[in-house]
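# Descriptive structure summary
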Amino acid sequence: MSAVLHVDLDALAANIAHIRATVGDAKVMLVVKDDAYAHGLEAVVARAWRDGVTWFGAFDVQTGMRVRAALGADARVFSWIAASPVDVAAAVAYDLDLGVGDADLLEDAAAAARSAGRPVRVHLKIDSGLHRNGVRPEDWPAFVARAATLVAEGRIEVAGVWSHIAEASDAEDDAARAIFDDAVAVARSAGLRPSVRHLAASAASFARPEFRYDLVRVGAFCYGIRPAGGPGEPALGIRPIARLEARVLRIEEDRVIVGIGHLDGLPSPLAGRVRVGTPAGARTLRRIGAVESEVGAWADAAPGDVVVIYGPGANGESSATDLAESIDTIGEEIAVRVSPLVTRSYAGA
Ligand SMILES: *Cc1c(COP(=O)(O)O)cnc(C)c1O
């Protein structure tokens, strides 16, 4: 009997509605990298689209192509990691909005647009301090000047200017925002007219109104994953949309053996550190094996009983972020570890 990840799409819709209300005039881009944080991309984007979400954040081009295939021509799909000219050509063919954070990629995009016979929509990325990818401030004026030339030649449309911030300290984020504002001003004086400026992910989009600009890129909060060490779900107004369940396989003396293990994506270091939900309330997750694990016993435990490994808390279980905190990581890390082989089951599809 295998584990099942139950995904409540009504809860997704409620989280998105709350996020929209919170960010006011900014649009919400639903970030769906890593198979929608392992909740299952197709079901997630279909429900969000039905509820009026028009922007999707796809990280890699492959994911962007999946969103396009699922939703058709009208969705705006932003992909910000194009690794090669082949990726860029695919992005153009699938009409993705392409994040461009270096001068070579800008040339690749222009070349792909020439082959396709139509302009490619790009979002130019300034490196506002994370040094991951993005154009350094000293290189930005030449970069946007070149972009303006390509706009004039009809090869690209500059739809956006964007960056990514650490969301770790307000001071660092403020410094990043100053760099971002300068970059937007320089792009404008080069003649560019980006219609969307975007900087914030989940945390800053809630906590820092001045970081919202035209668009916020939100992943974690849509899935009801709160930040490790941060405010709780009730304070944020969100709830976890996923519930990872396993079944009791057998009882061995006072040990309850359930059908889930580290091969299903349950990190072994959680053993002995966290409590899971059982029909009798919270119990310790004592041991994690490859495909079976042991949970603290309760009276009347029987094969087939449901044990909730993480979820919204209705059975005394922890949330993904609670589990994460016990091993010094973040809730997203717990969520994306759930194996693709674990069955996904949807309510509200
Ligand atoms: C993952 C990601 C996001 C979403 O972050 P959350 O904290 O999950 O909301 C936004 N922007 C970029 C560039 C990302 O990689």
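Residues numbered from 1 in each chain as written. Predicted model: local features only at pLDDT ≥ 70, side-chain atom pairs only at ≥ 80, totals over all residues. Heavy atoms only, no water.

### Details of helix H7 (residues 140-152)
Taking 1.5 Å per residue, 13 residues should reach 18 Å; H7 reaches 18 Å between its end C-alpha atoms and fits that length. Taken residue by residue, H7 has Trp140, Phe143, Val144, Ala147, Ala148 and Leu150 as its buried positions. Along the axis of H7, the buried residues cluster in a sector spanning 160°; they form a single face. Those residues of H7 that are exposed and aimed more than 90 degrees away from the buried face are Ala142 and Ala152. Contacts made by the buried residues of H7 are with strand E5 (97-100), helix H6 (103-116), strand E6 (120-125), strand E7 (156-162) and helix H8 (170-189). (Helix = DSSP H or I, 4+ residues; strand = E, 2+ residues; numbered from the N terminus. Expected span 1.5 Å × (residues − 1). Buried < 20%, exposed > 50% of the residue type's maximum accessible area, 1.4 Å probe, protein only. Arc of directions from axis to C-beta. Contact = heavy atoms within 4.5 Å.)

### Notes on the domain arrangement of the protein
Once the domains are mapped, the protein shows domain 1 (9-236) and domain 2 (242-347). For domain 1 and domain 2, the distance between their C-alpha centres works out to 34 Å. Opposite the 15 residues of domain 1 that make contact, domain 2 presents 15 residues. Of the roughly 1200 Å² buried between domain 1 and domain 2, counting both surfaces, carbon and sulfur atoms make up 57%. Summed over the three residues of domain 1 that lose the most area to domain 2, namely Ala38, Ile225 and Arg226, the buried surface amounts to 37% of that side. Where domain 1 touches domain 2, the interface holds two salt bridges. (Domains from an automatic or database assignment. Buried area = accessible area lost by both parts, 1.4 Å probe. Salt bridge = Lys/Arg side-chain N within 4 Å of Asp/Glu carboxyl O.)

### Overview of the packing of aromatic side chains
As enumerated under the stated definition, the model contains nine aromatic pairs in all. Between phenylalanine 180 and tyrosine 213, the ring centres sit 5.0 Å apart and the planes meet at 70°, which makes this aromatic pair edge-to-face. Of the two residues, phenylalanine 180 sits in helix H8 while tyrosine 213 sits in the loop between helix H9 (202-207) and strand E9 (215-218), which places them 33 residues apart along the sequence. Taken individually, phenylalanine 180 and tyrosine 213 each receive the classification buried, so the pair is uniform in this respect. Joined through ring pairs, the aromatic side chains of Phe59, Phe78, Trp80 and Trp162 make up one cluster. (Phe/Tyr/Trp six-rings, centres within 6.5 Å; stacked < 30°, edge-to-face > 60°.)

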